[in-house]
Amino acid sequence: MKKRWYDYLWIFSLTYLILGFFNILSAWLGLICFFVPLIISLTKGTKGYCNRYCGRGQLFGLLGGRFGLSRKKDIPGWMKHKWFRYGFLIFFFVMFFLMLWNTYLVFSGIQNLQQVVTLLWTFKVPWQWAYHGTLFHAGTAQFAFGFYSVMLTSTVLGLLTMILFKPRSWCVYCPMGTMTQLICKAKSQH
Amino acid sequence: MTSIQKKRKAFVEASYCVACGCCVKVCPLGAIQIIDGITAQVSMEKCVGCGKCAKECPASVIEIREAEA
């Protein structure tokens, strides 16, 4: 099958993850992966982002497929159950708003900037080497640390399920995928 | 006289489909479409039951079974 330009978006995803090791402010670019799928589902009523443009999915597909880093076993039944998918989406939302709250606290001067990346919502990994100051408020850096934590955590989870199950197992419980599918369902009913 | 011909086709368990589109990408005949971002749908005319989609599906919700043609 002929490759198209969007089949190479995994390069963007990989570059994003690497950039975060050098300059945390690059984490802001990740907002593209949040807004584009939502805009596509809201305007076109499709999961065009998942279907074509998701670089993260392509990266898992490549590592688990061509590089053979996946056992290629079936995902457990409970992981594809809608209650797990919706539950994970809600959990992700709550964690996301907590991250925004922490950003607000830094913006309002109540809390100091924490130069850490929180992995799996628990482990605080020192990340000060990737911060070289900002022209803007320290809060913009706090958001970057928080957002990169979200992106790295989901990558780690995605890699784990890629190894254990099928390459793109992350797609089954990806909160963005669940959310855009819900939007599409709501849109098709109207 | 009518003879019932059975052919192998892909069937999607729509209630569990996440509409990720992995199956669409691997289908050599372009027989699968994602309908309205909700679920994958297999064209019974085009599908030859090769099973590539079933192997690829991250949720393993595609099954290859015999269908009456």
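Residues numbered from 1 in each chain as written. Chains lettered and ligands numbered in written order. Predicted model: local features only at pLDDT ≥ 70, side-chain atom pairs only at ≥ 80, totals over all residues. Heavy atoms only, no water.

Chain B is annotated in an unreviewed UniProt entry as Ferredoxin of Anaerostipes butyraticus.

As recorded in an unreviewed UniProt entry, chain A goes by Membrane protein and comes from Anaerostipes butyraticus.

Colleague: Please clarify how the overall build of chain A should be interpreted in this entry.
Modeller: Helix and strand counts for chain A stand at 9 helices and 2 strands. Tracing chain A from N to C terminus, the helices and strands come up as α-α-α-α-α-α-β-β-α-α-α. If you line up chain A on its principal axes, its C-alpha atoms span 50 × 45 × 35 Å. Counting the 190 residues in chain A, one finds 46% classified as buried. (Helix = DSSP H or I, 4+ residues; strand = E, 2+ residues; numbered from the N terminus. Buried < 20%, exposed > 50% of the residue type's maximum accessible area, 1.4 Å probe, protein only.)

Colleague: I would appreciate a short explanation of the packing of aromatic side chains in the present structure.
Modeller: In this description, a pair of aromatic rings is defined by centroid distance and the angle of the planes. Under the defined criterion, the tally for this structure stands at 27 aromatic pairs over all chains. Taken together, a centroid distance of 6.2 Å and an interplanar angle of 85 degrees make the contact between tryptophan 83 of chain A and tyrosine 86 of chain A edge-to-face. Note that tryptophan 83 of chain A and tyrosine 86 of chain A are positioned in helix H6 (residues 82-107) at a spacing of 3 residues, about one turn of the helix. In this structure tryptophan 83 of chain A comes out as exposed when scored by relative accessible area, which is 59%. In this structure tyrosine 86 of chain A comes out as partly exposed when scored by relative accessible area, which is 21%. Taken together, a centroid distance of 4.7 Å and an interplanar angle of 75 degrees make the contact between phenylalanine 91 of chain A and tryptophan 121 of chain A edge-to-face. With a gap of 30 residues between them, phenylalanine 91 of chain A in helix H6 and tryptophan 121 of chain A in the loop between strand E1 (116-119) and strand E2 (123-126) connect regions that are remote in the sequence. For tryptophan 121 of chain A, a relative accessible area of 29% translates into the label partly exposed. Members of the aromatic cluster, connected to one another through ring pairs, are Trp78, Phe84, Phe88, Phe91, Phe92, Trp121, Trp170 and Tyr173 of chain A. The positively charged end of arginine 65 of chain B is found above the aromatic ring belonging to phenylalanine 11 of chain B, 4.1 Å away from the centroid. (Phe/Tyr/Trp six-rings, centres within 6.5 Å; stacked < 30°, edge-to-face > 60°. Lys NZ or Arg CZ within 6 Å of the ring centre and 35° of its normal.)

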